[in-house]
Amino acid sequence: MPASLDEVIGLLDLERLEVGLFRGSQPAGSSLKRVFGGQVAAQALMAAQLTVPEDRFVHSLHLYFILGGDPSIPIIYDVENVRDGRSFTTRRVAARQHGEIIFYMTASFQVEEDGWDHQDRMPDVPAPDESTPLIDIIQLRGPEAVAHWTKEWSAFDMRYIGDNRPQDDPQRELVPAVQRLWFRANGTLPESRIIHNAAFAYISDLSLLGASLVPHGQFIGSDRVQPASLDHTIWFHRPVQADQWLLYDQTSPSASGARGLSTARVFSEDGTLVASVAQEGLIRRIKP
């Protein structure tokens, strides 16, 4: 993942090869062994959005990660025009490398309409300035972990609120896993709704699967866990400002069969519910 927001914006600037066919670049100098899933999701969403009328915005997307991406070569995004209706537009995107499909996305877009409106209430949590910068927690794992985090994830600012890992946390009686943090782009994004949607998709893949490990006292970066995103879903309820603070309120209703399911509500700082996210991923136990 790129270390600056400008690099993220550059990755979202796809090269148009043909009608419905795009090429996405890779971050320079990344040490990741496979492409970050959020990058593929964001680039696929950008490809789809570039084929949709400007008055329609994504309201849901469903992703399947099929193969780990090769970070040394570009990714080709093939956009299928599934349907153009009077109110809704549907696109399907296949991401390809080395002649194989590594990822599928189906996304639905809608014209803006008036309708009934309600939402969950945002939980009572510390403000971003009162929460712990994630880099402070990373430091507990040593200087190498800090260097890796700074190189790969500095494009976004993340503040950790906490989880219900302690056995005496009363939330454990109701929900087996709760994990909360604030996040935002580390800088200012262009005033483009499709850029903000793609940037949100980019970062939504980071940290969510970790909620499924909270009840088991494990962390995604542990050498006892083999993690991988399998599928990912986002529902956009209201416009997202990805360079403003967003609360990632994560839970995990289930883990079984070496897979964990995590769900999340995403609130803006003023309490507006802007999106809901769900992800199932591999959390395979590695025995010593």
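Residues numbered from 1 in each chain as written. Predicted model: local features only at pLDDT ≥ 70, side-chain atom pairs only at ≥ 80, totals over all residues. Heavy atoms only, no water.

## What about the environment of Ala-201?
- Mapped onto the elements of the fold, Ala-201 is located in helix H5 (residues 193-204).
- C-alpha of Ala-201 to C-alpha of Gln-43: the two residues are 158 residues apart in sequence and 9.1 Å apart in space.
- Residues in contact with Ala-201, not counting those within four places in the same chain, are Gly-38, Ala-41, Ala-42, Leu-45 and Ile-234. (Helix = DSSP H or I, 4+ residues; strand = E, 2+ residues; numbered from the N terminus. Contact = heavy atoms within 4.5 Å.)

## Here's the deal with the UniProt feature "domain: Acyl-CoA thioesterase 2 C-terminal" (unreviewed entry) in the chain
- Mapped onto this structure's residue numbering, the UniProt feature "domain: Acyl-CoA thioesterase 2 C-terminal" (unreviewed entry) falls at residues 176-282.
- The span residues 176-282 carries 11% helix and 48% strand; its end-to-end C-alpha distance comes to 18 Å. (UniProt positions renumbered as here; feature names shortened; annotations may be inferred.)

## Structural notes on the pairing of strand S11 (residues 246-256)
- In this sheet, S11 lies alongside strand S9 (residues 178-185) in antiparallel orientation, the contact comprising 6 bridges. Among the inter-strand pairings, Arg-180 is bridged to a residue of S11, identified as Asp-249.
- Pairing analysis gives 9 bridges linking S11 to strand S12 (residues 259-268), with the strands arranged antiparallel. Within S12, the residue paired with Leu-247 across the bridge is Phe-267. (Pairing = 2+ DSSP bridges.)

## Topic: the packing of aromatic side chains
- Applying the stated rule across the entire model yields 6 aromatic pairs.
- Put simply, the rings of Phe-183, Phe-200, Phe-236 and Tyr-248 touch in pairs and so form one group of aromatic residues.
- Sitting over the ring of Tyr-104, Arg-92 keeps its end group 4.1 Å from the ring centre.
- Lying across the ring of Phe-57, Arg-193 places its NZ or CZ 4.0 Å from the centre. (Phe/Tyr/Trp six-rings, centres within 6.5 Å; stacked < 30°, edge-to-face > 60°. Lys NZ or Arg CZ within 6 Å of the ring centre and 35° of its normal.)

## Quick look at the pattern of salt bridges
- Taken as a whole and assessed by the stated rule, the structure comprises 12 salt bridges.
- Measuring nitrogen to oxygen at the nearest pair gives 2.9 Å for the salt bridge that ties Asp-117 to Arg-238. With Asp-117 in the loop between strand S6 (100-111) and strand S7 (132-133) and Arg-238 in the loop between strand S10 (225-236) and S11, this pair connects stretches of sequence that are 121 residues apart.
- On the basis of relative accessibility, which here comes to 19%, the residue Arg-238 falls in the buried class.
- Among the ionic pairs, Glu-280 bridges to Arg-259, the shortest N-O distance being 2.9 Å. Of the two residues, Glu-280 sits in strand S13 (residues 273-285) while Arg-259 sits in strand S12, which places them 21 residues apart along the sequence.
- Exposure remark for Arg-259: the relative accessible area of 36% places this residue in the partly exposed category.
- A single salt-bridge network, built from bridges that share partners, covers Asp-120, Arg-180, Asp-249 and Arg-265. (Salt bridge = Lys/Arg side-chain N within 4 Å of Asp/Glu carboxyl O. Buried < 20%, exposed > 50% of the residue type's maximum accessible area, 1.4 Å probe, protein only.)

## Describing the side chain of Arg-56
- As for its placement among the helices and strands, Arg-56 is situated in strand S3 (residues 56-65).
- Looking at Arg-56, its side chain comes within polar contact range of the main-chain oxygen of Gly-85, at 2.8 Å.
- A distance of 3.0 Å separates a polar side-chain atom of Arg-56 from the backbone oxygen of Arg-86.
- Not counting residues up to four positions away in its chain, the partners in contact with Arg-56 are Gly-85, Arg-86, Ser-87, Phe-88, Thr-89, Phe-109, Gln-110 and Val-111. (Polar contact = N/O pair within 3.5 Å; in protein donor to acceptor, adjacent residues only side chain to side chain.)

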